[in-house]
Amino acid sequence: MQIVHSIFELRQQVAAWRRADERIALVPTMGNLHAGHLDLVHAARAEAERRVVSIFVNPTQFGPLEDFDNYPRTLVEDSRELERAEVDLLFAPSVSEVYPRGLGSLTQVEVPNLSRTLCGLFRPGHFEGVALVVTKLLNMVQPDVAVFGEKDRQQLMVIRRLVDDLNMPVKILGVATKRHLDGLAMSSRNAYLSPPERAVAPTLYGMIKVVAERLQTGDRNFHTMQEAAKAALEEAGFRVDYFEVRRAEDLGEPAANDTELLVLAAARLGGARLIDNCLVTLPGHD
Ligand code: PAF
């Protein structure tokens, strides 16, 4: 596996693969890799002859009071995992390589509506930072396919929309969330949980499943279900940012006859902010 830090070297290698008519898949990450990331790499394997993984802790998607400085950086361990997973190239640029003019007055990539709800309300500027860095990474690598996890459902929707709106010639592949045996979604931020918090953490997905099952059985009292789930989570020790049932198509408010719904939640537990979601497909009425 090659490890490159500059866009110049990255482009040289990608150009050589293109000349050989090889398809390229990109898995963008912020590193501190776990089995969920490796699932993304495996999904990339089925899509393309060449696999590129980027590791870049992107400052523009962190708010001023968020964990940018403390975000776990484990490049040596990560590169060993990627080597084992038969990745062809690890792209690990510095902040100045990605943002050579600094972080002030950057070109903006904004996906309105989708970016301004749910996590966008609690993390102002987050999805603008994600949209900008993903646009940059897609332009740097120019992959045929880019792979993202469904745990970050809203992020995946923002990226699909921006790629579509900007006519970027890349397929966006979403991969199912990898979970621990107790249901907790794998996430680098789980490392912030103390052992007692780790024991409580699966309750987040537990409550999402409770609501998903109620939707399956025909309950459409969205507000009541949301409030009950929030109360149960607060009781268990979470500070809930949101717990919402939304339309899967566009994250709009759900209606009783919608057939694809998402249950999405974000909650803080100790020093960690956890997010998770579940897609619910319901039978339509003809
Ligand atoms: O999901 C992530 O790890 C990041 O938000 C991403 C897509 C790599 C952009 O920095």
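Residues numbered from 1 in each chain as written. Predicted model: local features only at pLDDT ≥ 70, side-chain atom pairs only at ≥ 80, totals over all residues. Heavy atoms only, no water.

Asks: Explanation requested: the sheet that holds strand 9 (residues 272-281) in the structure shown.
Replies: Whenever strands of a sheet pair, they do so through backbone hydrogen bonds, lying parallel or antiparallel. Taken in spatial order, the 3 strands of this open sheet run 7-8-9, and their pairing is antiparallel. Two strands close off the open sheet at either side, each with one partner strand: strand 7 (239-247) and strand 9. Taking the axes of each pair of neighbouring strands and ignoring which way they run, one obtains an average angle of 10° across the sheet. Looking at chain direction, strand 8 (residues 260-269) and strand 9 are connected through 10 bridges and run antiparallel. Among the inter-strand pairings, Leu-262 is bridged to a residue of strand 9, identified as Leu-279. (Pairing = 2+ DSSP bridges. Helix = DSSP H or I, 4+ residues; strand = E, 2+ residues; numbered from the N terminus. Axes fitted to C-alpha atoms, helices over the stretch in contact; angles between N-to-C directions.)

Asks: Where do I start with the side chain of Arg-246 in this structure?
Replies: Following the sequence through the fold, Arg-246 ends up in strand 7. Overall, the relative accessible area of 9% leaves Arg-246 in the buried class. A polar atom in the side chain of Arg-246 sits 2.9 Å from the backbone oxygen of Leu-251. (Buried < 20%, exposed > 50% of the residue type's maximum accessible area, 1.4 Å probe, protein only. Polar contact = N/O pair within 3.5 Å; in protein donor to acceptor, adjacent residues only side chain to side chain.)

Asks: Please explain the site of the ligand as it appears in this structure.
Replies: Every residue near the ligand is listed here: Pro-28, Thr-29, Met-30, Asn-58, Gln-61, Val-133, Phe-148 and Gln-155. Take Gln-61: an N or O atom from its side chain is 2.6 Å from an oxygen atom of the ligand. The side chain of Gln-155 places a nitrogen or oxygen atom 2.7 Å from an oxygen atom of the ligand. Here the ligand loses 88% of its free accessible area of 290 Å² to cover by the protein chains. In terms of residue class, the shell around the ligand is made up of 4 nonpolar, 4 polar and no charged. (Near = heavy atom within 4 Å. Areas by Shrake-Rupley, 256 points an atom, 1.4 Å probe, with all protein chains shown as cover. Nonpolar A, V, L, I, M, F, W, Y, C, P; charged D, E, K, R; others polar.)

Asks: How should unusual backbone geometry be read in this particular structure?
Replies: Comment: phi is negative for the bulk of residues other than glycine, and the bulk of peptide bonds are trans. Notably, Ser-105 is not glycine yet its phi reads approximately 40°, a positive angle. By the secondary structure assignment, Ser-105 is in the loop between helix 4 (95-98) and helix 5 (119-122). On the basis of relative accessibility, which here comes to 82%, the residue Ser-105 falls in the exposed class.

Asks: Would you take a moment to explain the packing of helix 1 (residues 7-19) against helix 6 (residues 126-141) for this structure?
Replies: In a pair of packed helices, the angle between the axes and the distance between the axes together describe the arrangement. Relative to each other, helix 1 and helix 6 sit at 50°, their axes nearing to 9 Å. When the axes of helix 1 and helix 6 are compared, the pair comes out oblique. Contacts between helix 1 and helix 6 involve Ile-7, Leu-10, Arg-11 and Val-14 from the first element and Asn-139, Met-140 and Val-141 from the second. In the contact of helix 1 with helix 6, the residues fall into 5 nonpolar, 1 polar and 1 charged. (Parallel < 35°, antiparallel > 145°, perpendicular 65-115°, else oblique. Contact = heavy atoms within 4.5 Å.)

Asks: Please explain the sheet that holds strand 4 (residues 89-91) as it appears in this structure.
Replies: Strand order in this open sheet of 6 strands is 1-4-3-2-5-6, and the pairing throughout is parallel. Bordering the open sheet on either side are strand 1 (2-4) and strand 6 (171-175), each of which pairs with just one other strand. Strand after strand, the sheet turns through a mean of 25° between neighbouring axes, direction not considered. Where strand 2 (residues 24-29) meets strand 5 (residues 145-149), 2 bridges bridge the pair, whose relative direction is parallel.

Asks: Any chance you could explain the nonpolar core here in plain terms?
Replies: Counting 45 residues, the largest nonpolar core has Leu-10, Val-52 and Phe-91 as its most contacted members. Elements that contribute at least two residues to this core include exactly helix 1, strand 2, strand 4, helix 6, strand 5, helix 7 (153-165) and strand 8. Top element by residues in this core is helix 6. It accounts for 10 residues. (Core = buried A, V, L, I, M, F, W, Y, C linked by side-chain atoms within 4.5 Å.)

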